[in-house]
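In case you want the letters, here they are:
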Amino acid sequence: MWGSSNAFGRDGDERVSWPTAETVHYTFGRGGRDPVRLTWYDGGLLPPRPQALPNDVPLVRELGADEDGPPPSWGGAIWVGDEGILMHDTYGRNPRLYPRRLEGQHSDAPRQLPRVGTSHQMNWVEACKGRAEATCPFDYAAPLTETLLLGGVSLQAGAPVRYDPRSMAIPNAPAAEQYLRRDYRGEWSL
């Protein structure tokens, strides 16, 4: 993976804050099959417009009068496949398929995951209290978080990194491993 960003906040030579915008490119191997490529855009950066996306479809969708929740411009995803594009707002809300003929072909797709009736955060609180099933359990959330944090490691290192999850090492850039762990102050430990 490798990333680029605007400048880190600095106090002299010391980095004191994270960049406000970044792009991180990931490549995931799949055991002899073509790799999956994922690009993360953050801080208002947008991807190039996919060729298959109709011209009348905006990359950032505005909320309709009958919708609530965080503005879609806060996030979302564009999944580009061989046959079309799937777009959705934050937390998978409002999924859309393009070209539009795909929506009709897949309108009977079964809902395999439960829908959250509250906010994402309240679902987590209710799961902690034993009142609900977490829709983003740790066995899914932990590897996802690790992946996103490794994008930050690449930005900190200023170079592409190849991460080996089994050894928790970066063989191609060992100096970047300093960003994988931290030294805790005083009597604090983990």
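As the structure is a computational prediction, the values presented were derived from the model and not from experiment.

Glancing now at the overall build of the protein chain. Of the regular secondary structure elements, the protein chain holds three helices and eight strands. Each helix (α) and strand (β) of the protein chain, taken in turn from the N terminus, gives the series β-β-β-β-β-β-β-β-α-α-α. Taken along the three principal axes of its C-alpha coordinates, the protein chain extends 55 × 45 × 40 Å. Every one of the 190 residues in the protein chain was classed for burial, and the buried ones make up 20%. Of the contacts made within the protein chain by residues no fewer than 6 positions apart, 26% connect residues no fewer than 24 positions apart. When the accessible surface of the protein chain is summed, it comes to about 14,400 Å², and 53% of that surface belongs to carbon and sulfur atoms.

Time to look at the packing of aromatic side chains. Enumeration over the complete set of coordinates arrives at two aromatic pairs. Between Phe8 and Trp18 the ring centres are 5.1 Å apart and the planes differ by 80°, which places this aromatic pair in the edge-to-face class. A residue pair is termed long-range when its members are at least 10 positions apart, and Phe8 in the loop between β1 (2-5) and β2 (9-11) and Trp18 in the loop between β3 (14-17) and β4 (22-30) qualify at ten residues. Exposure remark for Phe8: the relative accessible area of 13% places this residue in the buried category. Both rings, one in Tyr26 and one in Phe28, keep their centres 5.9 Å apart while their planes meet at 10°; by these two values the pair is stacked. Among the residues examined, Phe28 registers a relative accessible area of 33% and is labelled partly exposed. A cation over an aromatic ring shows up here: Arg15 above the ring of Phe8, its NZ or CZ 3.9 Å from the ring centre.

On to the pattern of salt bridges. Inspection of the entire model under this criterion finds two salt bridges. Residue Arg96 pairs with Asp89 through a salt bridge whose shortest N-O separation is 3.2 Å. Asp89 matches Arg96 in its accessibility class, with the two residues each being buried.

Mapping Ser4 onto the fold places it in strand β1. Given the relative accessible area of 38%, Ser4 is considered partly exposed. For the pair Ser4 and Ser154, spaced 150 residues apart in sequence, the C-alpha separation works out to 8.6 Å. Residues contacting Ser4, with those up to four places away along its chain left out, are Glu22, Thr23 and Leu155.

With that settled, the discussion passes to the side chain of Ser154. Note on placement: Ser154 falls in helix α3 (residues 138-157). From its side chain, Ser154 meets the backbone nitrogen of Gly3 in a polar contact 3.3 Å long.

So, about the side chain of Arg96. You can see Arg96 is positioned in strand β8 (residues 96-98). Looking at Arg96, its side chain comes within polar contact range of the side chain of Asp89, at 3.2 Å. Dropping the residues within four chain positions of it, Arg96 is found in contact with Arg61, Ile85, Leu86, Met87, His88, Asp89 and Glu103.

Analysis parameters
- Residues numbered from 1 in each chain as written.
- Predicted model: local features only at pLDDT ≥ 70, side-chain atom pairs only at ≥ 80, totals over all residues.
- Heavy atoms only, no water.
- Helix = DSSP H or I, 4+ residues; strand = E, 2+ residues; numbered from the N terminus.
- Buried < 20%, exposed > 50% of the residue type's maximum accessible area, 1.4 Å probe, protein only.
- Contact = heavy atoms within 4.5 Å.
- Areas by Shrake-Rupley, 256 points an atom, 1.4 Å probe, with all protein chains shown as cover.
- Phe/Tyr/Trp six-rings, centres within 6.5 Å; stacked < 30°, edge-to-face > 60°.
- Lys NZ or Arg CZ within 6 Å of the ring centre and 35° of its normal.
- Salt bridge = Lys/Arg side-chain N within 4 Å of Asp/Glu carboxyl O.
- Polar contact = N/O pair within 3.5 Å; in protein donor to acceptor, adjacent residues only side chain to side chain.

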